[in-house]
Protein chains: 2
Amino acid sequence: MDLNEHKPKAIDLSHHLSNVSKARKTSPLKGLQRYLGREGMVQMAGGLPSPAYFPFSELSAEGLIPDSFPLSSTTSSSSAFSWLFKLFQGLKTQEKTTHLTIPKYPVNPNDLNLAVSLQYGLAKGLPQLQKILDEFVLKVYKPAYADSVTLIHAGNTDGWYKCVQTFCNPGDGVLVSEWTYPSAIASMAPYNVKPVAVPMDGQGMSSAGLRKVLSEWDEGATSMTRPGLMYIVPVGQNPTGATMCVKRKQEIYDICVEFDVLIAEDDPYYFLQEGPYVRKTERSASVQFNSDEEYLSHLAPSFLSIDYQGRVIRLDSFSKTISPGCRLGWFTCNPIFAERLERQGETSTQAPCGYGQSLVTVLLLNWGYDGYVRWLRALGSQYQLRRNFILDCLGDEFHLKLDYETSGVWSGCDTYRAYDKAPGDATFNEKHAVFKPMFSLVPPTSGMFIWLQLHLDNHPSFNCDEETLEMQLWVDLAEAGVLFAPGWMFSAKESNTDAPGKGHFRMSFSNAEFEDMRKAIATFGAVIRKFFEKH
Amino acid sequence: MDLNEHKPKAIDLSHHLSNVSKARKTSPLKGLQRYLGREGMVQMAGGLPSPAYFPFSELSAEGLIPDSFPLSSTTSSSSAFSWLFKLFQGLKTQEKTTHLTIPKYPVNPNDLNLAVSLQYGLAKGLPQLQKILDEFVLKVYKPAYADSVTLIHAGNTDGWYKCVQTFCNPGDGVLVSEWTYPSAIASMAPYNVKPVAVPMDGQGMSSAGLRKVLSEWDEGATSMTRPGLMYIVPVGQNPTGATMCVKRKQEIYDICVEFDVLIAEDDPYYFLQEGPYVRKTERSASVQFNSDEEYLSHLAPSFLSIDYQGRVIRLDSFSKTISPGCRLGWFTCNPIFAERLERQGETSTQAPCGYGQSLVTVLLLNWGYDGYVRWLRALGSQYQLRRNFILDCLGDEFHLKLDYETSGVWSGCDTYRAYDKAPGDATFNEKHAVFKPMFSLVPPTSGMFIWLQLHLDNHPSFNCDEETLEMQLWVDLAEAGVLFAPGWMFSAKESNTDAPGKGHFRMSFSNAEFEDMRKAIATFGAVIRKFFEKH
């Protein structure tokens, strides 16, 4: 079955290409290419060393089997933990692995081999990997147009940097959420490309906010043409953890069509979708989905699935699903953009590292599509386990009072407000209501982060200088041995004015060991209680 | 012994930083850094996945031992070939290898391990690799100033791209040799940074030519400020194969001091120094050097060794010494430049791939400094063998008449002119003198390339359109199954006017199997003879 049947082709959006991108030369290889692949040619054109001089005659790896982790995160949590702890302690005898090997020379010409993968290669990367990505994108993200293309890059930071070079001229603005990934802005800033903050709500970027920014754009007042590019992290948003439903994506997409905006969908946390948080006491122990297909169909759809025009540049990364050290990911976009991005690759990174490419490829070939989906599904469960664990810890440490937010960034969300809880206090009662909450949070449904809103205006010595208080608390906490990320790092605006009296921390639950997270939350409790008692 | 004792420190050259580079933010990690390394901290700031989720529990490799290749390239060449052929045929049972392993978790905290090397890392890369590079640079290149710094990058193409962003503003010019690596220019072009061609002679860039370009610079006529950056490949120059002696480097360096020019020394072929070509009949069979120290002292010194101010940015690559697929190399430069280059890395490539980094590192740790030098020394011999082989083939196929060049690009060089040679003609004689040479070459003393100057003005239908004739011959040759690189690709000027009637081919002897090279030269002979007979 041709999965692209009956789909439209991408429209011409080449007017979005930057001056830099338009000025890139066509590959000088182009004239040679018809001869390069021809059988029996003696290749004396390129400066390629002989593979005889590569000092590796074989690479191999012990690759985990796809069902290394369970599909349920809620069975007996204590046994799941002890099982995990064994992993953390490096008892790899417990791990089931497959021995994967890449020889220098292939037995069959199409086999993975070091003579090719450690050689200079096209910026497109290994054909075996390209094929895997093409299949994966078609089946999982279901692009709405027929001629989408995948192209590897050296991780999403590199991918986004290449987008900035390809789509932005100096002085341009890029639409971003008001709280966003700092590195995305740091990539733009040196080229005088400026973030244009769009208000957020509990689902991330607000569509009403976006329309307002675009429809009321004033070139005179901003000294900037209306932005033609959006940077967005729609799943497990960094730092707020917000995830967009398909309705919101459709609204945003339609506005982008109306105002001719490209969408760079940076989606590293796509497979860390954890579902709604249920309190420990109400949690049931069951596998969430009956099949991989059912699992995939429950994931928030990518912008690609509604992009009938080809205005989405999706950035996928292996950093969260295989390992960050791969520095490997891929674009999915229309063929005109892909060609320009490939040219840019040729004169900077070239193809991503062949060691990483071939080891990731040999693993994915061994797993197959189904094995990789099985891996991703279990990975999601592991992050659900971690998300649940840290929220449970917070619930043990603080009184978490459920509230429904009607305004501000979390408008429309079930919000937990954290109150002081004396040891032994089991329930929230009248005694606590006289106090004010120290911080609030919305349990994330995806990703690695919990975004804490600090109620600094409830601090006895609050004098409207949120940043100073935020950093005072941050330093207190760091001195006590716990590192969160301070909120100021993530602000897309010069100063955050919409939430007076608020500070923020981003707390990551992706990395620390479970018992360390529990201790860290206890430390946090002690530090923040002392902080709010200060006069 | 402190190898940097008594050396001066780098001078302040920060006025060379581009606007883009100056606008880069200091790393946001800086505020966190004092806590990141502290013992016992619970790290919940970054979005780092747990290494438990990395699907590799071990990487391993069969690494060739350092003395896998002989030190002499001239012993019994037939046996050396058959030995090589075994390698080419993939009989890896003949190879002596060491089993190298990288576990997920280290036994000792400082051991290489996947939990660190497949994790997000600083753009500086693995500390074990950094240490190896620091030692190597100090011992081998002997920088003339005390505070030089090494910083890894993702291969020299990436390194040069980062130099362009760090040192050039749009509209700037960069000094390059009149024939140069096309990708270096392709990296600059989109940013409106233009090549300024400097005349060459048999040693590469001419110092007299450089002085003339700089001292006669006319901002009005060129609409360009005088260039402040030079791009140079001083060893085995691409494409001409020329190698600079230290006297020439000193002259060029002094001119760069006088005119305040930075030098980007792109030196991938440094360890492919093959020495002068000696005809087959006159060649003696002996190991060239008595020790590794003697070998190193005979290599053309790097610009670093005369750079007492810190104005050289040296680009080293593992592409030619380990494998191109590493996408791994390093800058050596002054600390101010290194800091800016590192910031650029943080927002684009981040650290180069951890799979490649750790596999290269485990190999180099196994080999040690002495083992790596032994490997490099033998590699040089292998390239000498290849260089000798292809020139011997050319000598078999053509009458190569030695001439001393007194003008033009090869002024001061012993040049071989290639005349037609009927089968069985052993020596050049009067009979051939009535013919004109078809091409000339200077035997390279380093690198991978032979640069052929085609005497197109001796072609019967020559009408001053060199490029057309060059490409006609190139297509004839490609159709016959041999790929050289056409000369036009390497011109730094819009049109090459200094050698009327000349065309060029770059012939690489680095990759093809020996028998294929022999066949290719025979094919080239047949094709070029037929070409020069055309009316």
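Counting from 1, residues in each chain are numbered in the order their sequence is written. Lettering of chains starts at A and numbering of ligands starts at 1, both following the order in which they are written. Given that this is a predicted model, residues contribute local features only at a pLDDT of at least 70 and side-chain atom pairs are listed and counted only at 80 or more, while totals for whole chains, interfaces and linings are drawn from all residues. The basis for every side-chain value is the complete set of heavy atoms in the structure, and neither hydrogens nor water enter the calculation.

All right, on to the pairing of strand β4 (residues 149–153) of chain B then. A regular strand places its side chains so that they alternate between the two faces of the sheet. Residues and elements named next belong to chain B. A 1.4 Å probe rolled over the protein chains alone gives each residue an accessible area, and that area as a share of the maximum for its type sets the label: buried under 20%, exposed over 50%, partly exposed in between. Going along the chain from the N terminus, every DSSP run of H or I of four or more residues is numbered as a helix, and every run of E of two or more is numbered as a strand. With 4 of 5 residues buried, β4 lies mostly within the body of the structure. In this analysis, strands are considered paired if DSSP registers two or more bridges between them. Where β4 meets strand β12 (residues 329–333), 5 bridges bridge the pair, whose relative direction is antiparallel. Of the residues in β12, the one forming a bridge with Val149 is Cys333.

Within the open sheet, the 4 strands sit side by side as β3(A)-β2(A)-β2(B)-β3(B). Their pairing is antiparallel. Each edge of the open sheet carries a strand with a single partner, namely β3 (97–103) of chain A together with β3 (97–103) of chain B. Strand-to-strand twist in this sheet, taken as the mean axis angle between neighbours without regard to direction, amounts to 15 degrees. With 7 bridges connecting them, strand β2 (residues 56–64) of chain B and β3 of chain B associate as antiparallel partners. By the bridge assignment for β3 of chain B, Ala61 of chain B is matched with Leu100 of chain B. Axis definition: a line fitted to C-alpha atoms, limited for helices to the stretch in contact. Angles are taken between N-to-C directions and run from 0 to 180 degrees.

All names here are of chain B. Position of Lys162 among the secondary structure elements: in helix α6 (residues 156–167). Given the relative accessible area of 4%, Lys162 is considered buried. Not counting the four nearest positions on each side in its chain, Lys162 is found in contact with Phe331, Leu341, Gln344, Gly345, Ser348 and Thr349. Should any heavy atoms of two residues lie within 4.5 Å, those residues are considered in contact.

Our focus in this paragraph is the state of the cysteines. Count a disulfide wherever a pair of cysteine sulfur atoms falls within 2.5 Å. What the rule picks out here adds up to 0 disulfides over all chains. Here Cys326 of chain B is not cross-linked by a disulfide; its sulfur's nearest cysteine counterpart is in Cys353 of chain A, at 6.7 Å. Cys326 of chain B gets classed as buried once you look at its relative accessible area, which sits at 2%.

Residues and elements named next belong to chain B. Helix span, expected: 1.5 Å multiplied by one less than the number of residues in the helix. The end-to-end C-alpha distance of helix α15 (residues 466–479) is 20 Å, a good match for the 20 Å that 14 residues give at a rise of 1.5 Å each. The complete set of buried residues in α15 reads Glu466, Leu469, Glu470, Leu473, Trp474, Leu477 and Ala478. Gly481 sits one or two positions beyond α15 and adopts a positive phi of about 105 degrees.

Let us now look at the pattern of salt bridges. Residue and element names in this part refer to chain B. Salt bridge, as applied in this entry: a Lys or Arg side-chain nitrogen positioned within 4 Å of an Asp or Glu carboxyl oxygen. A complete count under the given rule lists 59 salt bridges over all chains for this structure. In this structure, Glu339 and Arg340 form a salt bridge, with 2.7 Å as the shortest nitrogen-oxygen distance. Using a relative accessible area of 9% as the deciding quantity, one classes Arg340 as buried.

We place the copies in one frame by least squares, fitting the C-alpha atoms of every residue whose pLDDT is at least 70 in both. Superposing chain A onto chain B takes a rotation of 180 degrees combined with a translation of 0.0 Å along the rotation axis, leaving an RMSD of 0.0 Å. Here the transformation between the copies is reduced to the relation of a two-fold axis. Residue Ser60 of chain A of chain A places its C-alpha closer to the rotation axis than any other residue of that unit, at 2.6 Å. Interface overlap between copies: 100% of the residues of chain A at the interface are likewise at the interface in chain B, consistent with a symmetric, same-surface contact.

Residues and elements named next belong to chain B. Following both chains from N to C, one finds helix α13 (residues 354–397) and helix α16 (residues 514–533) inclined at 35 degrees, their axes separated by 9 Å at the closest point. In the packing of α13 onto α16, the handedness of the crossing is right-handed. Across the interface between the two elements, Leu385, Arg386, Phe389, Ile390, Cys393, Leu394, Asp396 and Glu397 of α13 pack against Phe514, Met517, Arg518, Ile521, Ala522, Phe524, Gly525, Ala526 and Arg529 of α16. Split by residue class, the contact of α13 with α16 holds 11 nonpolar, 1 polar and 5 charged. Rotating anticlockwise by less than a right angle from the far helix to the near helix defines a left-handed crossing, while the corresponding clockwise rotation defines a right-handed one. Throughout this entry, Asp, Glu, Lys and Arg are counted as charged residues, while Ala, Val, Leu, Ile, Met, Phe, Trp, Tyr, Cys and Pro are counted as nonpolar. The remaining residues, Gly among them, count as polar.

Before going further, it helps to spend a moment on the sheet that holds strand β14 (residues 414–419) of chain B. Whether parallel or antiparallel, the strands of a sheet pair through hydrogen bonds between backbone atoms. Residues and elements named next belong to chain B. Spatially, β13-β14-β15-β16-β19-β18 is the arrangement adopted by the 6 strands of the open sheet, whose pairing is antiparallel. Looking along the sheet, the strands with just one partner apiece sit at the ends: β13 (399–404) and β18 (485–486). Sheet topology note: the strand β15 (residues 439–441)/strand β16 (residues 449–455) ladder contains 2 bridges and is antiparallel. Its bridge partner being in β16, Ser440 is matched across the sheet by Gln453. Here α15 sits on the sheet and contacts β16, β18 and β19 (502–508); the angle it forms with β19, its principal contact strand, is near 35 degrees.

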